[in-house]
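# Per-entry structural report
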Amino acid sequence: MSDETFKPKIVAFLCNWCSYTASDLAGTARIKYSPRVRIIRVMCSGRVDPSFVLKAFALGADGVLVAGCHPGDCHYIEQNYKTMRRDVMLRYFLEQMGIEPGRLRLVWASAAEGQYLAESINTFVADVRTLGPLNWSDVLHDGVRREEAFEEIAAEHAEAMEVQP
Amino acid sequence: MITSDEELRIGVYVCHCGSNIAGAIDVEALTKFAEQLPHVALARHYKYMCADPGQELVKRDIVEFGLNRIVVAACSPNLHEPTFRRAAEDAGLNRFLVQIANIREQVAWVTEDKQEALEKAEAHLAAAVRRVAQHEPLQRQFVRIVPRAMVVGGGIAGIQAALTLADAGREVILVEREPSIGGHMAMFDKTFPTLDCAACILTPKMTAVKLHSNIKMLTYSTVESVEGSVGNFRVKVRRKPRYIDENLCVGCMQCIDGCVFTKAKFPNAFDQGLGLRKPVWIPFPQAVPPVPVVDPEVCLQITRGKCKQGCVEACGERNAFRFDQQEKIEEYEVGAIIVATGFQAFDPSVIPYYGYGKYPNVYTSLEVERLLNAGGPTGGKLVLRDGSTPKRVGIVHCVGSRDANYHVYCSRVCCMYALKLAHLVREKTDAEVYNCYIDIRAPGKGFEEFYNRVQNEGVRFIRGKVADVTPVAGQGTTAEGGLVMQVDDTLLGKIRQINVDMVILAVALEPRADANEVRREFGISCSAEGFFLEKHPKLAPVNTANDGVLLAGACQAAKDIPDTVAQADAAAAKALMLIDAGQIELEPNTAWVDEKMCSGCKTCIALCPYQAIRADEERKIAVIDQALCKGCGTCVAACPSGAAKQHLFADQQVNEELEGLMNYV
């Protein structure tokens, strides 16, 4: 499965208070980690809308990492517990879609854990590399481009999503 | 909101940060890349964007080229986002139309390969450009600040911070867990390197706290819960019953003499258990407030409901005793909180080879402080357990510090207090003193001079770690008599056995056992070793990630008294700065509900930890109180109809960022 030439595309959603600060710390300490992981800052891991994760996969991500404060340490008291519940839901959902749940990872990293965050990122990159590229042709119907398929699904539900003033 | 594409004019600025960024990323290529991104009107790179000329560049371009969005590819937004927001505002652009691409901490410093660094920087930059196109101007919002501060912990750090704030004319609430303020400093006999008597310099400050009209002192009290946020904290304080009315007691201490227990028989924790006290007691003679406290575990009146009450009789018409006193919770509103909860001494009984707790004449340094203190259990006489004076004393450095098995860090004060103890032992007895050290760390003002002085006084120094403390052969395992320290003398290059009759363990300073619960209550973090984490190790040493919560003293890291006092004053100044501003800006990234889209399902209401969302039953919609919302965005992520939105983190903003980021080569 593992292919040396495969360079995974990974999006990481980091919460502002713990894990984003940890990534800053990893930088300050010059701890190197895989450049294949690209970072989006959110105020809280609780802001990570499941649709963000799905959109990342739809756009071609091979993995999505969500990182927040340790349970009990959330800057917003308890919102990371909601992230935890959503993570379970998303994994279940991904599996139904034919995407390996292992492509989604939840990490807790405190503001002091730059080293740990960098290690977690590298571990995840290695794991995604083992999984190989996310193969959309297996996931979606043959011959349909993934973006078209996404649009198609959205169009199908357009009526239901329309706002009644 | 800008609706048509023609109107968007984005300015992109790539910072070299000297060679920090330019050394790892081809900034010219990155600028060229930016130029071809949609809506980018101009892209520049400059050596130091955060410097005045860099900011001026942004301001000039906004005016000259009519830029209406700014992207700066530089260091973390946690550092210079406010700088560039202000620059934009100075040039007449709304401050929230600025986005930072973090290409230093998250690209330049963490990526080895230059090509890969450029690709990642391009992705982060493209993400920022696409995101900022979606930004809308926002109004800044402010709330009033409660002009009062709370100081938690009444050691020297808390005392200093409280006095500084009170002297500046601000109201302070000082909370202390023990019956008296004073903390560890009150336990010490002398202080290094000047040999000032600790009580002589501390007790005037303690009295000043008590007398200060701006300070409300809550001793024998703990913080129960902290709610609210910067400017408006609501703190619940649990006040334990003293069973004596603080306002009626005059501190004559006659109740202690009058107690039916004619002899003190319970260990006094302040004396490290070396001294004894009665059920009604005071930790030390200069305690503030000078009000005794009744121990409900051993007082006969409280445990059995029956006692002759010699204490009440002695109190007489002052009538201060209240055996029916109950624990109570009081609530205080404060604008800022200074956490000064201090440290605890490392318990060396977990290191088996030093024999602490096994051999009676192995002491901790804190125990010896109490023995040397004139107010201590022996009246200041340094004696062994059997009452005799020691003739040979060994001092073991780095007990629990600089040891991979216990604490990796250096506790910073042990070398100096061990030298001080060596001096005091020599002063009070004729004993030979052996200091066994790894290195002597004496980097403070007057420290090296003090080290030289103690060496000249005839204290012996052995460079090496003590491997073992055992009884002298043939004296039994209790070792009432002699002890042998086995030490690897690294200067002589041989193992030495040193006969002593007292061993003093220079124990580490460590985070308090309940530091983890305390930090959670105050919404702050710990660093790896467990001390409270400051916002920035160099530039924000007293702030924490939770705005309005400040740190002072040894709860942040092991430190000596001068550093503690300096940090306490710094924390007081920060608190003063905060509460004197009168108002504080709210987080701009609050959530709000689009009334037209809200179906009134109430999903969001249960998710909010601040009760900021309420249901408007008449209109069948949810309403978010902007003053209560802290801007986590959890409700936004959960809203099934997309009606809940977040300023600065709108769905389309994050989605555009994601699209830009997925620009993989």
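Residues numbered from 1 in each chain as written. Chains lettered and ligands numbered in written order. Predicted model: local features only at pLDDT ≥ 70, side-chain atom pairs only at ≥ 80, totals over all residues. Heavy atoms only, no water.

### What about the state of the cysteines?
Residue and element names in this part refer to chain B. Within the structure shown, the criterion is met by 2 disulfides over all chains. Between the sulfur atoms of C197 and its disulfide partner C200 the distance amounts to 2.3 Å. Judged by the sign of its S-S torsion, about 90°, the cystine formed by C197 and C200 is right-handed. The class of C197 is partly exposed, set by a relative accessible area of 23%. No disulfide involves C598; its sulfur sits 6.4 Å from that of C604, the nearest cysteine. Its sulfur unpaired, C608 is 6.7 Å from the next cysteine sulfur, which belongs to C632. (Disulfide = S-S within 2.5 Å. Buried < 20%, exposed > 50% of the residue type's maximum accessible area, 1.4 Å probe, protein only.)

### Looking at the interface of chain A and chain B
Facing the 55 residues of chain A at the interface are 55 residues of chain B. Summing the contributions of chain A and of chain B, the shared interface buries around 4,600 Å²; its carbon and sulfur component is 56%. Counting the surface chain A buries against chain B, the share from its top three residues, A:R38, A:R41 and A:R47, is 16%. For the pair chain A and chain B, the interface holds 5 salt bridges. A salt bridge links B:E81 to A:R41; the shortest N-O distance between them is 3.5 Å. At the surface where chain A touches chain B, the tally comes to 19 residue pairs in polar contact (both at pLDDT 80 or more). (Contact = heavy atoms within 4.5 Å. Buried area = accessible area lost by both parts, 1.4 Å probe. Salt bridge = Lys/Arg side-chain N within 4 Å of Asp/Glu carboxyl O. Polar contact = N/O pair within 3.5 Å; in protein donor to acceptor, adjacent residues only side chain to side chain.)

### Focus on the packing of helix 2 (residues 50-58) of chain A against helix 3 (residues 79-97) of chain A
Residues and elements named next belong to chain A. Look at helix 2 against helix 3: their axes get within 11 Å of each other, and the N-to-C directions meet at 35°. Note that helix 2 runs across helix 3; the crossing there is right-handed. Packed against helix 2, whose contacting residues are P50, V53, L54 and F57, the element helix 3 presents R86, M89, L90, F93, L94 and M97 at the interface. Each residue belonging to the contact of helix 2 with helix 3 can be placed in one class, and the counts come to 9 nonpolar, no polar and 1 charged. (Axes fitted to C-alpha atoms, helices over the stretch in contact; angles between N-to-C directions. Helix = DSSP H or I, 4+ residues; strand = E, 2+ residues; numbered from the N terminus. Left-handed = near helix turned anticlockwise from the far one by under 90°. Nonpolar A, V, L, I, M, F, W, Y, C, P; charged D, E, K, R; others polar.)

### Things to note about the domain arrangement of chain B
Accessible area lost on assembly of the parts is the figure often given for the size of an interface. Entries for chain B in the domain assignment read domain 1 (10-140 + 654-663), domain 2 (150-239 + 332-342 + 512-587), domain 3 (254-318), domain 4 (343-510) and domain 5 (589-646). One C-alpha centre belongs to domain 1 of chain B, the other to domain 4 of chain B, and the line joining them spans 57 Å. (Domains from an automatic or database assignment.)

### Some details on the packing of helix 12 (residues 414-428) of chain B against helix 13 (residues 447-456) of chain B
Residues and elements named next belong to chain B. The N-to-C vectors of helix 12 and helix 13 enclose an angle of 35°; their axes lie 10 Å apart at closest approach. Note that helix 12 runs across helix 13; the crossing there is left-handed. Counting all contacts with helix 12, which are made through M416, L419, K420, A422 and H423, the residues of helix 13 involved are F447, F450, Y451, R453 and V454. Among the residues forming the contact of helix 12 with helix 13, the class breakdown is 7 nonpolar, 1 polar and 2 charged.

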